[in-house]
Amino acid sequence: MTAPDRKLWQQAALLIQNNHRLIPAKENSTASFWFDTWTATKVWTDLFQLLQFDNNEATNVTDELLSFLSNQVLSSTMRRLSHCTFMSAMWEIWCSRNRERFQEKIMSAKHIVHRIMLSIRAAGTSFKIQHLSQPWLDVLKQIGGVREHPKLSIPTVVKWMHPPVGRLKLNVDGAFKIAAGDAGGGGILRDHHGRCVFAFSTKYHGVITALDAEARALRDGLVTCCNQGILDIMVETDSLNLMRIVTCKMSQPWELTCVIQDIVVTTLTLKAQIKYVPCEANQVANALAGYGCSTNNFSFCGSGAVLPHVVKGPYRLDKVGCPTHRP
């Protein structure tokens with residue numbers, strides 16, 4: 001303990017010792033109510049795991065106080081917190097004794113410990129928690145005396161991946177705008193250079209869920225491939241539930257029975273690998289689906305040059321392999 005700290009604690013001990021003038025002689029000569037009473041014993045027992053202080057061995061207030069403050073072999077942070085806790089316990093026991101004596105309020109160990117915990121919480125916010133032992137950490141977290149640093153989320157880099165050489169990839173997506181009651185779907189088939197083989201967008205009527213729009217877009221994309229004579233494709237959707245349904249990993253909603261059945265029948269003709277991807281890797285199809293909500297007919301594009309204006313931006317970014325950060 002440094003010289004300034006020792007002087008401070010000696011002054012605190014002297015203040016407590018001087019307060020003995022207010023205590024009857026039968027209490028003044030020993031450790032009295034600070035250590036000997038049932039209430040004090042309960043308080044020190046509750047704090048033993050933190051302070052490692054045995055009140056049963058205490059005989060003199062000043063000596064015990066200075067001994068505790070001088071003989072601890074702890075890290076600087078834990079020593080300061082232990083000192084604050086010990087002095088807070090002494091003070092709260094003293095205040096509780098006075099309330100009982102002069103205001104006729106019964107001393108409560110539970111109330112005293114609660115007041116001590118409030119002091120610990122106030123003091124604990126200024127300490128570096130990595131320097132504290134596990135018992136202290138457990139107590140501080142329980143009483144809210146530790147300000148948890150939010151975990152920093154590392155963004156994931158996501159981008160549309162070009163298919164292998166000689167393969168084609170179909171990306172599909174559906175859009176369902178509840179407020180306006182509009183729904184649409186779209187998809188794009190690209191080669192290993194990222195060039196558009198074809199793209200489509202369309203508006204849907206009678207759609208009741210976003211999954212319904214997603215399923216219709218997948219069906220239309222597969223049917224368009226068949227009509228174009230393209231039978232070996234890779235397929236990506238950003239609907240995890242749809243992917244699970246068509247791969248029989250999840251039961252299908254009854255209202256989508258007809259659409260799912262169309263998909264199953266079409267895939268019997270195709271050699272299609274259906275995979276889930278994050279929406280950040282499906283932005284061109286997403287833009288086509290949004291565009292489909294505003295169209296009246298099935299729109300088909302045979303090359304990237306005639307894609308809708310709102311689609312050209314993400315299409316060009318995908319083509320050059322520009323990544324997107326996913327939170």
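Look above for the structure.
These numbers come from a predicted model, not from an experiment.

### With respect to unusual backbone geometry
In this model, Cys248 sits at a positive phi of 60 degrees, which is unusual for a non-glycine residue. Structurally, Cys248 can be placed in the loop between α10 (240–246) and α11 (257–269).

### Some details on the packing of helix α12 (residues 283–293) against helix α13 (residues 309–319)
One way to put it is that α12 packs onto α13 with a least axis distance of 8 Å and a crossing angle of 170 degrees. Taken together, the axes of α12 and α13 are roughly antiparallel relative to one another. Here Gln283, Val284, Ala287, Leu288 and Tyr291 of α12 lie close against α13, whose contacting residues are Val310, Val311, Pro314, Tyr315 and Asp318. When its residues are assigned to classes, the contact of α12 with α13 shows eight nonpolar, one polar and one charged.

### Topic: helix α9 (residues 210–227)
The end-to-end C-alpha separation of α9 is 26 Å, in line with the 26 Å expected for 18 residues at 1.5 Å each. The buried fraction of α9 is high, at 14 of 18 residues. Looking one or two residues beyond α9, the residue adopting positive phi is Gly229, at roughly 75 degrees.

### Digging into the pairing of strand β2 (residues 169–177)
With seven of nine residues buried, β2 is to be regarded as a mostly interior element. With nine bridges connecting them, β2 and strand β3 (residues 182–190) associate as antiparallel partners. Looking across to β3, one finds that Ala175 is bridged to Gly184. Connecting the antiparallel pair β2 and β3 is a turn made up of four residues, with Gly181 showing a positive phi of about 75 degrees. Note: β2 against strand β5 (residues 232–237), four bridges, orientation parallel. Looking across to β5, one finds that Asn171 is bridged to Glu236.

What counts and how
- Residues numbered from 1 in each chain as written.
- Predicted model: local features only at pLDDT ≥ 70, side-chain atom pairs only at ≥ 80, totals over all residues.
- Heavy atoms only, no water.
- Helix = DSSP H or I, 4+ residues; strand = E, 2+ residues; numbered from the N terminus.
- Axes fitted to C-alpha atoms, helices over the stretch in contact; angles between N-to-C directions.
- Parallel < 35°, antiparallel > 145°, perpendicular 65-115°, else oblique.
- Contact = heavy atoms within 4.5 Å.
- Nonpolar A, V, L, I, M, F, W, Y, C, P; charged D, E, K, R; others polar.
- Expected span 1.5 Å × (residues − 1).
- Buried < 20%, exposed > 50% of the residue type's maximum accessible area, 1.4 Å probe, protein only.
- Pairing = 2+ DSSP bridges.

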